[in-house]
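A closer look at the structure
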Amino acid sequence: MGALATASNPFQAIYLSHRMSSMTKQPRFVTLSKYPPYRSGHAKQALWNNTALAALTGAEQHQVTYCGVSADPEDDAGAGVQVHHVREVRGNRRVPDGHLLRAVTAELFSVALANDIDVINTYYIDPHATIANRVADALGLLGRRPIVIHSIEGSDVLESVCEHLADGSAGPLFGDVMRADVLCTVSHYTAQRFLSGAEVVGGARLADALAESIVLRYPGLPPAAFAQPDTDQLREFRQRTGLRQDSVLVSTLGRLEEEKGLDTLVAIAELALATRPELEFVIAGTGSLGDQLVERARTVANLTVLRNISSHDAQCLRATSEVGVFPTRVIPGFIETFCVAALEYQA
């Protein structure tokens, strides 16, 4: 990680240094992420980080998720990491909205309390910063307040900040973010856009205060991402999935959602049918467009759709592909700023 600015708030630095030095030698983290592992890039990154922490500390790490329940057994995360999923959201007739957020808050509090959690780590500040702060405050009343790390992602800035400066809802989010013991951003671009929004809300003073505390946290890959399947494994994968052994494979892997621009790849496959017979195309992943894409593939002979793909098959797909394609697009209410899948293909 790299610092965005050399200056820092001395009070926060002393406080955090004291908290860190008094923490156990085997810190237990709980990471709050939207999806279970392997359902999205950020949830996968959370699992990688937790797995590495478990290996480094010898302590079990935890992940709280609340969206997109999957039957994939790999979402259990394996040894060293326990995934807790919000399975019941109970309403309250006196309160018209916010039931899911309350359920997530309750799950995070229960996990942190039951497992002696030292650090709460968020992926995406909206709405996770508010939830993490609230849980940390509640645990503090019991004398067990954990360190809080807020991680700002690209779409955090574009959807939750930039699009909501005029209506005022971005303002309280900056207040939630500034309460973190450690504040991270996924890239220098994300940090600069976030600080620009802070200047609009609170002037240069607010932007400068945030800049002094931000740390860059670049996305990375685990060692397993660099493992190369052998020739027999690749041959077996192609045979089992109905791909020709000698085809030139063009593929994409990720959420099967509108923002991924998958219709672009389908259109390319249709164009290639008559002119590039050596090409085959694969769309792999899980999402709401799965049924539609499977139906479309029935009419496009050189297109295969692989749903709920395992991590082993995903690695084989990347290794046997000549080209990885990620035609993401802007849709109303969502901007896809970066996809971890592109890093995985490069590995």
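In what follows, the structure referred to is the one given above.
The paragraphs below set out a description of the structure included in this document. (Residues numbered from 1 in each chain as written. Predicted model: local features only at pLDDT ≥ 70, side-chain atom pairs only at ≥ 80, totals over all residues. Heavy atoms only, no water.)

1. Some thoughts on the nonpolar core
- Counting residues in hydrophobic clusters, the biggest one holds 20 residues, and the most contacted among them are Ile125, Ile152, Phe174, Val177, Phe194 and Leu210.
- Among the secondary structure elements, those contributing two or more residues to this core are helix 5 (154-161), helix 6 (170-178), helix 7 (188-211) and strand 8 (214-216).
- Of the residues forming this core, the biggest block, eight residues, is contributed by helix 7.
- Apart from the residues lying within four places of it in its own chain, the contact partners of phenylalanine 194 are Ile125, Ile152, Val157, Val161, Phe174, Val177, Leu210 and Ile214.
- One finds Leu32, Tyr66, Ala112 and Ile117 within the second-largest nonpolar core, a separate group that totals 18 residues. (Core = buried A, V, L, I, M, F, W, Y, C linked by side-chain atoms within 4.5 Å. Buried < 20%, exposed > 50% of the residue type's maximum accessible area, 1.4 Å probe, protein only. Helix = DSSP H or I, 4+ residues; strand = E, 2+ residues; numbered from the N terminus. Contact = heavy atoms within 4.5 Å.)

2. Thoughts on the sheet that holds strand 10 (residues 279-286)
- The sheet built from four strands is open, its strands ordered 11-10-9-12 with parallel pairing. The two strands at the open ends of the sheet, each matched to only one other strand, are strand 11 (303-307) and strand 12 (323-324).
- As judged from the eight bridges shared by strand 9 (residues 248-255) and strand 10, these two strands associate in the parallel manner. The residue bridging serine 251 from the neighbouring strand is valine 282, located in strand 10.
- Its contacts with the sheet put helix 9 (residues 262-275) on strand 9, strand 10 and strand 11, and the angle it makes with strand 10 is roughly 160°. (Pairing = 2+ DSSP bridges. Axes fitted to C-alpha atoms, helices over the stretch in contact; angles between N-to-C directions.)

3. Here's the deal with the environment of glycine 58
- Note that glycine 58 resides in the loop between helix 2 (41-57) and strand 3 (61-65).
- Of the residues examined, glycine 58 reaches a relative accessible area of 62% and is grouped as exposed.
- Beyond its immediate stretch of four places on either side in the chain, glycine 58 contacts Gln26 and Leu53.

4. A look at the environment of arginine 193
- Looking at where arginine 193 falls in the secondary structure, it is placed in helix 7.
- Once the C-alpha coordinates of arginine 193 and valine 157 are considered, the two residues, 36 residues apart in sequence, prove to be 6.6 Å apart.
- Those residues in contact with arginine 193 that sit more than four places away from it in its chain are Val157, Leu158 and Cys162.

5. Looking at empty space enclosed by the protein
- Tallied over the full model, the rule gives one cavity of 30 Å³ or more.
- Its volume calculated, the largest cavity comes out at about 90 Å³.
- Lining the largest cavity are 13 residues, and of these Thr252, Leu253, Gly254, Lys260 and Phe326 sit closest to its centre.
- Top element by residues in the lining of the largest cavity is strand 9. It accounts for four residues. (1 Å grid on protein atoms, 1.4 Å probe; cavity = no way out; pocket = protein on both sides within 12 Å on 5 of 7 lines; lining within 4 Å. Points joined across faces, edges and corners; volume = space filled by probe spheres on them.)

By themselves, these observations are geometric and do not establish any function.
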